[in-house]
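One letter stands for each residue in the lines below.
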Amino acid sequence: MTGNHQPRFGVGAVIATTVFALVSVPAAVGAPAHPHHPSPGAAGIGDRLYPTLGNGGYDAKHYDLRLRYATSAPMQGIDGTVTMVARSTQALSRFDLDFAGASVGSVQVNGHSAFFRRTGEELVITPAHPIRRRQWFVVQVRHFTAKPTKPNGDDFATTAFFYTRDGSATAGQPNQSHYVFPSNDHPRDKASFSFRFDVPTGETAIANGLLTSKRRYGSRTIWRYVQRQPMATELTQLAVGRYTVIRRGSVGRIRVRDVVPTRLVADYRNTLSVERQHLRWMQHRVGAYPFASYGTIVVYAPLGFALETQTLSLFDTTWFTSYPRGVWDPVMLHELAHHWFGDSVAPWSWSDVWLNEGHASWYELTYADQKGYLQDDAGDPDLETLMRDVYAAGDRLRADFGPVGRPLDSTSVWDVFNPNVYYGGALVLFALRQQVGDAAFQRIERAWVHRYAGRSASTVDFIRLASQVSGQQLHRFLTRWVYGTTTPPMPGHPDWTVDPVTPGSLAALSHATQSLGPSTMGLRPFRLR
Ligand SMILES: [Zn+2]
């Protein structure tokens, strides 16, 4: 998808030339706005689990993010300006951006000062002139500020924008990129990005995508990056500090580069090089890697999870220091697999997160099985045994966390990113492969990442596509597996049984998962038994 509907607005004219990709999203929930009478855009995009996440009434097309890091102190706050090019989906008298950072300087819409106020995590903007329906517009939020926090793996909010002894970095999934910069912070509304960092010379600035220029002006250096393929805001990576970029040449047309704290280069130079094999392994199964660059950023911080920030998967050092290769190697594959399942094809709503985690877990576990790492990675000797164990726990998982495609709630992020979307999600794919056969299953996987590349898609889309590609009517079969409160029969395994749900078993399961703590962005071994 390439958009060349390039409007000419003052500021817009400068930015329009950088708009690379165009995607569209329908209007959000709430009382349907009269299409032509300007009315306020909704404060939420309509996600059941995060009702105020994202916003209605427009479709972001491109973000230009300019950030100034005044000093080289890792815990320093940033001063930024973001320019969003968007297209309205209704006539707008007012619209919201999501923002939970420290402060906002001023706001302009189409070059004119706009009134703004902050309500909770909403930045409510009233432009000087209403915006017509299907009109392109440019909103610029100037001199917003945000401050990184000391990361603590048990308090997820502290990992959105965090500092380490080497610098700072970000982890915005699922709902916290707007702790750093104003945006329409939901994966249903993806956009292309350009980044400009103004940092002290000697500091390294890193963002998603490709470096386009690095210029020194005395004691300051300006770094520029572009992320052409659409990206969900939750996958943004902004890292500044004493980092070293390890360039590893290319795999085909994919540029491979890693980012590690300069003082730890010797420890990670060889360790991370397995990515090249991972890229070949995944491309062999699901087709071409969807972006221009890939790599890993390692940070010295107790995050407790790994995260698929687009083109640069984020790991904390504990993965490599506390776990054997049999865990971190497959988890690296997991984060790479997300680049097809979650980054290129983003979830339409967070209830569809199993499409991310079920797929990434499926390829992680299949890879671990093939490499002889499964015992370390998931606690079972082979994939079939693991799937049978997950199957046995099926009803307990659904009772404790909700159906695979309908997490019960979002009180904690781990209620959404729960073991049933990982293991249960992988089990749904195992059942699908049992039902349609391996060849048809592979065709479904390839068609999914091809048809929805650069877009956002739902479980309904997946069920429809699986039926079309396999030539089987799979609606009833997959609806039972994804949304059922009990575990359906496993095709080809009439002998497999599901453990009964008893208060004891529920307590045991929730204790088992809770005690392991949050690491579910990458699958740390959950002992289901
Ligand atoms: Zn994951």
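Note that the structure is a prediction, hence the values are computed from the model and not measured. (Residues numbered from 1 in each chain as written. Predicted model: local features only at pLDDT ≥ 70, side-chain atom pairs only at ≥ 80, totals over all residues. Heavy atoms only, no water.)

1. Comments concerning the side chain of Thr296
Here is step 1: Tracing the chain through its elements places Thr296 in strand E20 (residues 296-299).
Here is step 2: Classification of Thr296 as buried rests on a relative accessible area of 0%. (Helix = DSSP H or I, 4+ residues; strand = E, 2+ residues; numbered from the N terminus. Buried < 20%, exposed > 50% of the residue type's maximum accessible area, 1.4 Å probe, protein only.)

2. Here we look at the packing of aromatic side chains
Here is step 1: The tally for this structure, following the rule as stated, stands at 31 aromatic pairs.
Here is step 2: Seen in terms of ring centroids, Tyr58 and Phe95 are 5.7 Å apart; in terms of plane orientation they differ by 70 degrees. Their pairing is edge-to-face. Of this pair, Tyr58 sits in strand E2 (residues 58-68) while Phe95 is found in strand E4 (residues 92-98), placing the two residues 37 residues apart along the sequence. No difference in accessibility class separates Tyr58 from Phe95, as the two residues are buried.
Here is step 3: One aromatic cluster is present, built from ring pairs that chain together Tyr268, Phe315, Trp319, Phe320, Tyr323 and Trp328.
Here is step 4: Sitting over the ring of Tyr300, Arg263 keeps its end group 4.8 Å from the ring centre. (Phe/Tyr/Trp six-rings, centres within 6.5 Å; stacked < 30°, edge-to-face > 60°. Lys NZ or Arg CZ within 6 Å of the ring centre and 35° of its normal.)

3. What about the packing of helix H13 (residues 459-470) against helix H14 (residues 475-483)?
Here is step 1: As a packed pair, H13 and H14 sit with axes 10 Å apart at the nearest point and diverge in direction by 145 degrees. Here H13 and H14 pass one another in a crossing that is right-handed. Contacts between H13 and H14 involve Thr459, Ile463, Ala466 and Ser467 from the former and His475, Leu478, Thr479, Val482 and Tyr483 from the latter.
Here is step 2: Grouping the amino acids of the contact of H13 with H14 by side-chain chemistry returns five nonpolar, four polar and no charged. (Axes fitted to C-alpha atoms, helices over the stretch in contact; angles between N-to-C directions. Left-handed = near helix turned anticlockwise from the far one by under 90°. Contact = heavy atoms within 4.5 Å. Nonpolar A, V, L, I, M, F, W, Y, C, P; charged D, E, K, R; others polar.)

4. Considering the pattern of salt bridges
Here is step 1: Taken as a whole and judged by the stated rule, the model has twelve salt bridges.
Here is step 2: Between Lys61 and Asp59 there is a salt bridge whose closest N-O contact spans 2.8 Å. Accessibility classification places Lys61 together with Asp59 in one group, the buried group.
Here is step 3: The salt bridge partner of Arg68 is Asp198, with a shortest N-O separation of 3.0 Å. Remark: Asp198 occurs in strand E12 (residues 191-200) and Arg68 occurs in strand E2; sequence separation between them is 130 residues.
Here is step 4: Since its relative accessible area comes to 38%, Arg68 is described here as partly exposed.
Here is step 5: Connected through shared salt-bridge partners, Arg68, Asp198 and Arg220 make up one network. (Salt bridge = Lys/Arg side-chain N within 4 Å of Asp/Glu carboxyl O.)

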